[in-house]
Amino acid sequence: MNGLIALVGSGEYLPQMAEVDRHLLASVNAHGSTPRVVCLPSAAGREGSESVARWMCMGQEHFAALGAEVYALPIVDRASANDPRHAPVLESADLIYFSGGDPLYLFETLKGSRAWAAAQKAWERGAVYAGCSAGAMILARHLPNLRRAGLGTMDAFGCVPAQFILPHFDRIGAWKFPLGLLQRRLKNGKFILGIEEDTALVGRRGGTWTVMGKGRVHLLRRNGKQSYTPGESLWLTPSSDEEAS
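All figures in this text were calculated on a predicted structure; none of them were measured in a lab.

Each value, and the rule that gives it
Residues numbered from 1 in each chain as written. Predicted model: local features only at pLDDT ≥ 70, side-chain atom pairs only at ≥ 80, totals over all residues. Heavy atoms only, no water. Phe/Tyr/Trp six-rings, centres within 6.5 Å; stacked < 30°, edge-to-face > 60°. Helix = DSSP H or I, 4+ residues; strand = E, 2+ residues; numbered from the N terminus. Buried < 20%, exposed > 50% of the residue type's maximum accessible area, 1.4 Å probe, protein only. Pairing = 2+ DSSP bridges. Polar contact = N/O pair within 3.5 Å; in protein donor to acceptor, adjacent residues only side chain to side chain. Salt bridge = Lys/Arg side-chain N within 4 Å of Asp/Glu carboxyl O.

**Q** For this particular structure, what's the right way to read the packing of aromatic side chains?
**A** The geometry of an aromatic ring pair comes down to the distance between the two centres and the angle between the two planes. Overall, the coordinates contain nine aromatic pairs when judged by the stated rule. Consider the rings of Trp 116 and Tyr 129, whose centres lie 6.2 Å apart with planes at 80 degrees: the pair is edge-to-face. One end of the pair, Trp 116, is in helix H6 (residues 114–125); the other, Tyr 129, is in strand E5 (residues 128–132), and 13 residues separate them in sequence. Look at Trp 116 and you get buried, because its relative accessible area is 8%.

Given below as structure tokens:
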């Protein structure tokens, strides 16, 4: 069975998300061994070596403090995403965590890569996929093109049936982001997920999802919005055309 997915609005590797990450570690079946966590700074690949090193260090320190065995892999571009040395580490992971950065760059780096194939094998085996900000956005059906102020879109991995996943949702107004336009374009049965900062939506494909952390999760359809507070659960149901595809 595919493992849990955690869609995180912000706060990766910070104390406010420790409770969520303890829950994720407790959910893995490590067969009595110490859970193996792989942290990937890939979305920050264009920010330079100092930023990448900071994300790797934060991930290692955070999950080591929670009792995990942690590996931070410098997968930051197409060449490193296709480096065969990284695939065995990813395939054997119990939890794979993508931190934030540029969602389009992250998707372009991973699509069709050895690293993404290895991560999928781990997830299909039961490993947890955790993605914060950009790491959550790439699991939707589509990505808003932030380089064009969100007005253009491109296909994403489609692991979650939402048309778009929007992190930092309680601050989205500060982006001058055209949320209303995206919402009006939604067809019947389709939806957008908005996840507030320091908040996670945790669940499995085809199962229930639970809000964890400090904030709310919002499910937006063409003509309205439903909001869920920590501890509440929801279903993410694909529309009929998605079920048939």
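Next, the rest of the story.
**Q** Is there a simple way to think about the pairing of strand E11 (residues 208–213) in this case?
**A** The side chains of a regular strand alternate, residue by residue, between the two faces of the sheet. The pairing of strand E10 (residues 199–203) with E11 spans five bridges and is antiparallel. If you follow Val 202 over to E11, its bridge partner there is Thr 210. Pairing geometry for E11 and strand E14 (residues 233–235), over three bridges, is antiparallel. Bridge pairing links Thr 210 to Ser 233 in E14.

**Q** Mind showing me how you'd approach helix H5 (residues 103–110) here?
**A** An α-helix turns once per 3.6 residues; consequently, residues spaced three or four apart project the same way. Of all eight residues making up H5, seven are buried, and the element is well covered by its neighbours. Of the residues that open H5, the one with a side-chain oxygen 3.0 Å from the backbone nitrogen of Leu 104 is Asp 102. Looking one or two residues beyond H5, the residue adopting positive phi is Gly 112, at roughly 75 degrees.

**Q** Just checking my understanding: could you explain the pattern of salt bridges for this structure?
**A** Two side chains that carry opposite charge are able to pair once their charged atoms sit near each other. Counted according to the given criterion, the structure contains six salt bridges. Put simply, Asp 83 and Arg 85 hold a salt bridge, and the shortest N to O gap is 2.6 Å. Classification of Asp 83 by relative accessible area gives buried; the value is 15%. With a closest N to O distance of 3.3 Å, Arg 216 and Glu 196 form a salt bridge. One end of the pair, Arg 216, is in the loop between E11 and strand E12 (217–221); the other, Glu 196, is in the loop between strand E9 (192–195) and E10, with 20 residues separating them in the sequence. For Arg 216, a relative accessible area of 37% corresponds to the partly exposed category. Given a relative accessible area of 10%, Glu 196 falls into the buried group.

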